[in-house]
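# Understanding the architecture of this molecule
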Amino acid sequence: MAAPSAPLDPAEDPSLEELVVARPFLSRHAFDGLVLEDVPLSSIADAVGTPTWVYGAGTMRARARHLRAALQASGMDVHAHYAVKANDHLAVLSLFAAEGFGADVVSEGELRRARAAGVPADRIVFSGVGKSVSALRLALGEEIEQINVESAEELEMISALAAAMGRTARVALRVNPDVDAGTHEKISTGRAQDKFGIPFAEAAALYARAAALPGVRPVGLAAHIGSQIETLEPYRAAFARLADLVHTLRAAGHAVETVDCGGGLGIPYRNQPVPRPEGLAAVLRGAFHNLDVRLLVEPGRWLVGPAGLLLASVILVKQTEGARFVVLDAGMNDLVRPAMYDSWHGILPIAAADLVLPVEPADVVGPICESSDTFARRRRLPPLGPAARVAILDAGAYGAVMSSAYNARPRAAEVMVDGDRWTVIRERPPLEALWADEHVPAPATQTAPLSRAPAPA
Ligand code: LLP
């Protein structure tokens with residue numbers, strides 16, 4: 001299923017009530033309005049202001065346990081590593097570390113964050129198509145669990161670095177299984193034309209090369225075919241190819257201990273049907289049950305996406321002949337997903353009164369000077385006067401981590417709810433912080449004369 005290129009039909013959008021009912025951690029109260037876990041969102045907006053990200057720790061924990069139970073019930077030896085990129089806040093990382101999850105990291109910053117949040121080095125997998133030398137040195141020095149190698153060139157680089165440091169890195173070859181995950185073009189990673197992974201046909205020879213090189217020990221394979229995957233079929237196809245490759249490698253005399261099956265499990269942004277972890281576990285079992293391998297999975301979005309929302313206030317409502325624009329104080333600099341991937345996020349008013357008023361179509365937009373700063377088109381919402389507040393749903397993954405300071409807008413505050421308690425986990429920075437590290441050069445402080453040598457012919 002390809003990403004829809006035509007605009008979605010607003011007539012098929014879930015109603016406000018359907019959005020709430022499908023999200024067990026959200027509820028509507030006659031006086032308190034919209035409540036996340038046991039905290040009315042209006043109390044957070046009153047105290048902290050908007051825009052503010054709000055995450056439900058209880059929700060994240062419940063999802064972590066659901067996923068783990070589904071994997072364990074498959075009877076396979078499967079370990080979950082949280083994909084740090086989805087939401088790298090230390091509070092989130094420590095929550096998953098406390099739940100016994102490892103971490104999947106893609107940069108020196110993420111590796112250091114995971115360590116700072118208490119993830120043991122031997123539960124960290126390092127992925128990514130361009131790992132820097134300093135990141136690799138850190139990974140080798142910390143003796144992390146595994147480095148997923150993305151190219152022949154990178155394998156040589158890791159071998160040389162590790163040998164010079166007197167270390168032996170456990171490496172897995174990330175192969176590109178050439179499977180279309182049926183997701184948005186910009187988050188599809190497992191097709192031959194994507195930049196990720198080692199071409200499938202070259203993997204066996206490269207495994208043999210890894211076995212012969214100093215400083216590295218090949219321990220297995222890895223693949224990650226994309227994100228927001230909404231059917232199990234692409235997983236089935238990719239895992240079948242991985243299982244074939246395990247057979248080929250073993251027949252050639254190589255040890256293959258582990259297969260990292262990546263992340264990508266989709267979530268029901270628009271209440272659409274998506275696979276559950278039990279379904280993924282069954283596909284893992286189907287592909288690998290007779291192979292005696294240790295499996296890894298690297299979910300990000302599934303764990304944190306539904307557990308977060310972005311609180312925003314209405315600045316004004318602009319009525320034109322053709323449309324009603326609800327202009328929010330949150331913009332694409334905060335949540336870029338709609339602008340970047342045409343993604344659909346549920347939007348709910350948070351005041352008790354707004355939740356029961358009749359709805360009419362509105363375009364929900366941010367204040368930024370770009371037309372792509374649009375969160376929703378023709379969305380059926382109540383009148384929402386100035387100062388009304390809304391929650392943009394399912395924003396716990398790829399939300400705050402992707403935000404920027406475009407239009408000189410400071411990062412939104414972040415709050416974590418846990419049952420009936422809540423804590424500010426990142427303050428809203430003062431505006432001055434935006435330029436505190438900038439320097440305006442004084443006139444003529446330094447010179448860098450041009451060479452007088454003639455230009456080469
Ligand atoms: N493992 C690897 C190697 C990855 O590249 C990714 C995501 C994951 C695991 C986690 O995938 P997840 O379970 O979260 O789907 N910014 C985009 C998503 C980019 C995903 C990049 N890689 C979005 O907002 O939809």
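Residues numbered from 1 in each chain as written. Predicted model: local features only at pLDDT ≥ 70, side-chain atom pairs only at ≥ 80, totals over all residues. Heavy atoms only, no water.

### Examining the site of the ligand
By nearness alone, 19 residues border the ligand, and Ser227, Glu298, Arg337, Tyr341 and Tyr398 come closest of all. The side chain of Glu298 places a nitrogen or oxygen atom 2.5 Å from a nitrogen atom of the ligand. Between Arg337 and the ligand, the recorded distance is 2.6 Å, taken from a side-chain N or O atom to an oxygen atom. Against a free-state accessible area of 590 Å², the protein chains account for coverage of 92% of the ligand. (Near = heavy atom within 4 Å. Polar contact = N/O pair within 3.5 Å; in protein donor to acceptor, adjacent residues only side chain to side chain. Areas by Shrake-Rupley, 256 points an atom, 1.4 Å probe, with all protein chains shown as cover.)

### Looking at the pattern of salt bridges
Tallying each qualifying case throughout the model produces 27 salt bridges. When the shortest N-O distance is used, the salt bridge between Arg61 and Asp418 registers 2.7 Å. In this pair, Arg61 sits in helix H3 (residues 57–73) while Asp418 sits in strand S20 (residues 413–418), placing the two residues 357 residues apart along the sequence. When its relative accessible area of 24% is taken as the criterion, Arg61 is described as partly exposed. What makes Asp418 partly exposed here is its relative accessible area of 32%. For the salt bridge of Arg426 with Glu414, the shortest nitrogen-to-oxygen distance reads 2.3 Å. (Salt bridge = Lys/Arg side-chain N within 4 Å of Asp/Glu carboxyl O. Helix = DSSP H or I, 4+ residues; strand = E, 2+ residues; numbered from the N terminus. Buried < 20%, exposed > 50% of the residue type's maximum accessible area, 1.4 Å probe, protein only.)

### A word on the sheet that holds strand S3 (residues 39–40)
Spatial strand order, S1-S2-S3: three strands in an open sheet with antiparallel pairing. A strand with exactly one partner marks an edge of an open sheet, and here the two such strands are strand S1 (26–29) and S3. By the bridge criterion, four bridges tie S1 to strand S2 (residues 33–36) in an arrangement that is antiparallel. Bridge pairing in S2 places Ser27 opposite Val35. (Pairing = 2+ DSSP bridges.)

### Here we look at the nonpolar core
One recurring pattern in soluble globular proteins is that nonpolar side chains are buried together. Grouped together as the largest cluster of nonpolar side chains are 134 residues, with contacts concentrated most on Leu41, Tyr82, Phe96, Phe239, Leu284 and Phe288. The greatest single-element share of this core, amounting to eight residues, is contributed by helix H9 (residues 233–251). Each of domain 1 (11–56 + 305–427) and domain 2 (57–304) accounts for three or more of the residues forming this core. Apart from residues no more than four positions distant in its own chain, Phe96 is found in contact with Met60, Ala64, Tyr82, Phe101, Leu303 and Val304. (Core = buried A, V, L, I, M, F, W, Y, C linked by side-chain atoms within 4.5 Å. Domains from an automatic or database assignment. Contact = heavy atoms within 4.5 Å.)

### Observations regarding the domain arrangement of the protein
Domain parsing of the protein yields domain 1 (11–56 + 305–427) and domain 2 (57–304). Placing the centre of domain 1 and that of domain 2 at their C-alpha centroids yields a distance of 32 Å. Each partner contributes residues to the interface: domain 1 has 34 residues there, and domain 2 has 27 residues. Of the roughly 2,500 Å² buried between domain 1 and domain 2 on both sides combined, carbon and sulfur atoms contribute 54%. (Buried area = accessible area lost by both parts, 1.4 Å probe.)

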